[in-house]
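Spelled out from the first residue to the last, the chains are:
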Amino acid sequence: MKWFILSLIALVNGYATVLMYAQGKIAFALLTLVLTALAVYIFGSSKTYAQRYIYPGITGMIIFIVFPLLYTVSLAFTNYSATNQLTLERTQSILEQRTFQAGKSYNFELYKAGGGYQIIIDDDGKLLSTGLIDFNNKSVKLKPVAEAFGNTKPIKNYNESHPVAIKLEAIVQAFGKKLPIKDIVKNRSQISSLILELPDGNEIRMSGLRKFAADYPLFTMQSDNVTLLNNQTDQLYKPNMDTGFYQPVDSKGEFVGEHISPGFVVDVGIDNFKRVIEDDGIKEPFVGIFIWTVVFAFLAVALTLIVGMVLACIVQWEPLKGSCLYRILLILPYAVPSFISILIFKGLFNQIFGEINMLLSSIFGIKPAWFSDPVLSRLMVVIVNTWLGFPYMMILCMGLLKSIPDDLYEASAIDGASPFQNFIKITVPLMIKPLTPLLIASFAFNFNNFVMIQLLTGGGPNMVNTSEPAGYTDLLVSYTYRIAFEGGGGQDFGLAGAIATIIFVMVAGMALLNLKFTKLSQD
């Protein structure tokens, strides 16, 4: 039974792997193959019995951490974007399916005739019919109306010398009911597959919901299976492996003119990383956003620590009455979901209707532009983040205060030390060491505090003269998001992947630093 189940899982996942590979999803096919092979090995061997209990955790780590990380890093070395998502073969297939209209177009109507359908073409007043259509036969010869249906159903007001004299009512009476456009839409796939042959031998295809025309393939693949010939202009197109687009070439084979979409994915090496360094429209906002990200993360840690530690000392002060109530009230900002608090603060800081500006206007006569001034918007972000973060630090400090021996404070009291001196000489030194790893972790968290920026300011106010969208309150993580999904020149996932890789290296360095400090604190 065990091997039957494992074989069935391997068969199903193997089939899924083949399908993904055939569709060009090589990374996902490889991921499925690795996880399936790992499952069969762990659950099929008696030597790996213990590992089966940690397999779900390993699978989750591979799917949600390792695979996205490797996939993002791999995108950093490609031109993957909104305009370059396909393989070369898929791009060729799409371009070969394009058509162009040569000659005039013909109006048509669809009729319900007996047990089938018929199409009547208007050729400058001369009506041509397909007769009853067999959709399995893709090529249909058009005949004049009288010839197509003979004389079995005489047509009123029909004049052999002037076919245009046939009235609509007569056609309906003779050939059935004319169908509305919704029926044409319903049968569009079948109608568009038909090739109608005119009496002069020319072929026409469906070119619109009411039109047939002589449509021909716009591009034809040449003998080398790479070059495309534009049948309308006789221009040759070749794939530019540097840009990932088909471009026209001259007689010498050099690229000239504008490229055509869609594009395909190509490897660009470290070009995306070079763009971050060399393109002023990216480098200048990147450097500014990087500095602001470091400053924001530092201020977030420092302010939340200071506020949290001071409040922890106050609520732990024995002479303070009602300290339990104060603890509950001060922990509430941590208990409320952060996105709710952020949206509430967004309303409070509203420049026109917000309560904060109303209060400042009534007292000082000012209305700060919190969302349009770069300095004030950053100040607002720091204030809101401090409000959301200090309860966490306060809870940590409250626990650490309990671990400080009371003898130290009693000895300092005998020596005549003030409460402030106790705080500086005893409380802070004894708390800062065990807090250090947590402070580094908090710094890494705020370094990537995407939710705060996205919900409160959206990265704004926006910078000007940048190649990619960037704002004064953007952190590196939100800047990467905007490049990936809001890029004006097309969503540039390759560049976003390069910046995400840089962020990963930075955060990984912080994690190693955290481990180092943790080891030192244990020693």
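Residues numbered from 1 in each chain as written. Predicted model: local features only at pLDDT ≥ 70, side-chain atom pairs only at ≥ 80, totals over all residues. Heavy atoms only, no water.

(A) Expanded view of the nonpolar core. Ranked by internal contacts, the top residues of the largest apolar core, which has 38 residues, are Tyr479 and Ile499. Among the elements of the structure, α10 (280-315), α14 (374-402), α16 (419-447), α18 (476-486) and α19 (493-522) are those that each provide at least two residues to this core. The greatest single-element share of this core, amounting to 10 residues, is contributed by α10. The contacts of tyrosine 479, once residues within four sequence positions are left out, are Ile282, Pro285, Phe286, Ile289, Glu468, Pro469, Ala470, Asp474 and Ile499. Core analysis: the second largest hydrophobic core is formed by 20 residues, Phe108, Ile133, Val140 and Ala214 among them. (Core = buried A, V, L, I, M, F, W, Y, C linked by side-chain atoms within 4.5 Å. Buried < 20%, exposed > 50% of the residue type's maximum accessible area, 1.4 Å probe, protein only. Helix = DSSP H or I, 4+ residues; strand = E, 2+ residues; numbered from the N terminus. Contact = heavy atoms within 4.5 Å.)

(B) Seen up close, the confidence of the model for the protein chain. Taken over all residues, the pLDDT of the protein chain has a mean of 86, while the share at 70 or more is 91%. Counting interchain partners and residues more than four positions distant, the pLDDT-below-50 stretch residues 148-169 has 28 contacts. (pLDDT = per-residue confidence, 0-100.)

(C) Quick peek at the packing of helix α1 (residues 2-22) against helix α2 (residues 26-44). At a closest axis distance of 8 Å, the pairing of α1 and α2 adopts a crossing angle of 170 degrees. Taken as axis vectors, α1 and α2 run roughly antiparallel relative to one another. On α2, the residues touching Lys2, Trp3, Leu6, Ala10, Asn13, Thr17, Met20 and Tyr21 of α1 are Ile26, Phe28, Ala29, Thr32, Leu33, Thr36, Val40, Phe43 and Gly44. Looking at side-chain class alone, the contact of α1 with α2 contains 11 nonpolar, five polar and one charged residues. (Axes fitted to C-alpha atoms, helices over the stretch in contact; angles between N-to-C directions. Parallel < 35°, antiparallel > 145°, perpendicular 65-115°, else oblique. Nonpolar A, V, L, I, M, F, W, Y, C, P; charged D, E, K, R; others polar.)

(D) Structural view of the pattern of salt bridges. A complete count under the given rule lists eight salt bridges for this structure. With a closest N to O distance of 2.9 Å, lysine 104 and aspartate 123 form a salt bridge. Residue lysine 104 is found in strand β2 (residues 99-113), and its partner aspartate 123 is found in strand β3 (residues 116-123); the two are separated by 19 residues along the sequence. Between aspartate 280 and lysine 283 there is a salt bridge, with the nearest N and O atoms lying 3.5 Å from each other. With aspartate 280 and lysine 283 both in helix α10 and three residues apart, this pair spans about one turn of that helix. For aspartate 280, a relative accessible area of 43% translates into the label partly exposed. (Salt bridge = Lys/Arg side-chain N within 4 Å of Asp/Glu carboxyl O.)

(E) Structural view of the sheet that holds strand β13 (residues 235-240). A sheet is described by the order of its strands in space; here four strands give the open sequence β11-β12-β13-β14, paired in antiparallel fashion. The sheet is open, and its two borders are formed by β11 (219-221) and β14 (245-248), each paired with just one other strand. If you compare each strand with its neighbour and ignore which way they point, the axes differ by 35 degrees on average. Across four bridges, the pairing between β13 and β14 is antiparallel. Pairing of proline 239 across the sheet is with tyrosine 246, part of β14. (Pairing = 2+ DSSP bridges.)

(F) Quick look at α10. The end-to-end C-alpha separation of α10 is 51 Å, in line with the 52 Å expected for 36 residues at 1.5 Å each. At the N-terminal end of α10, a side-chain oxygen is found 2.9 Å from the backbone nitrogen of glycine 281, two or three residues along, and the residue is aspartate 279. (Expected span 1.5 Å × (residues − 1). Polar contact = N/O pair within 3.5 Å; in protein donor to acceptor, adjacent residues only side chain to side chain.)

(G) Up close: the environment of isoleucine 9. Summarising the element assignment, isoleucine 9 is placed in helix α1. Given the relative accessible area of 40%, isoleucine 9 is considered partly exposed. Distance in space between the C-alpha atoms of isoleucine 9 and asparagine 84 is 35 Å, their sequence separation being 75 residues.

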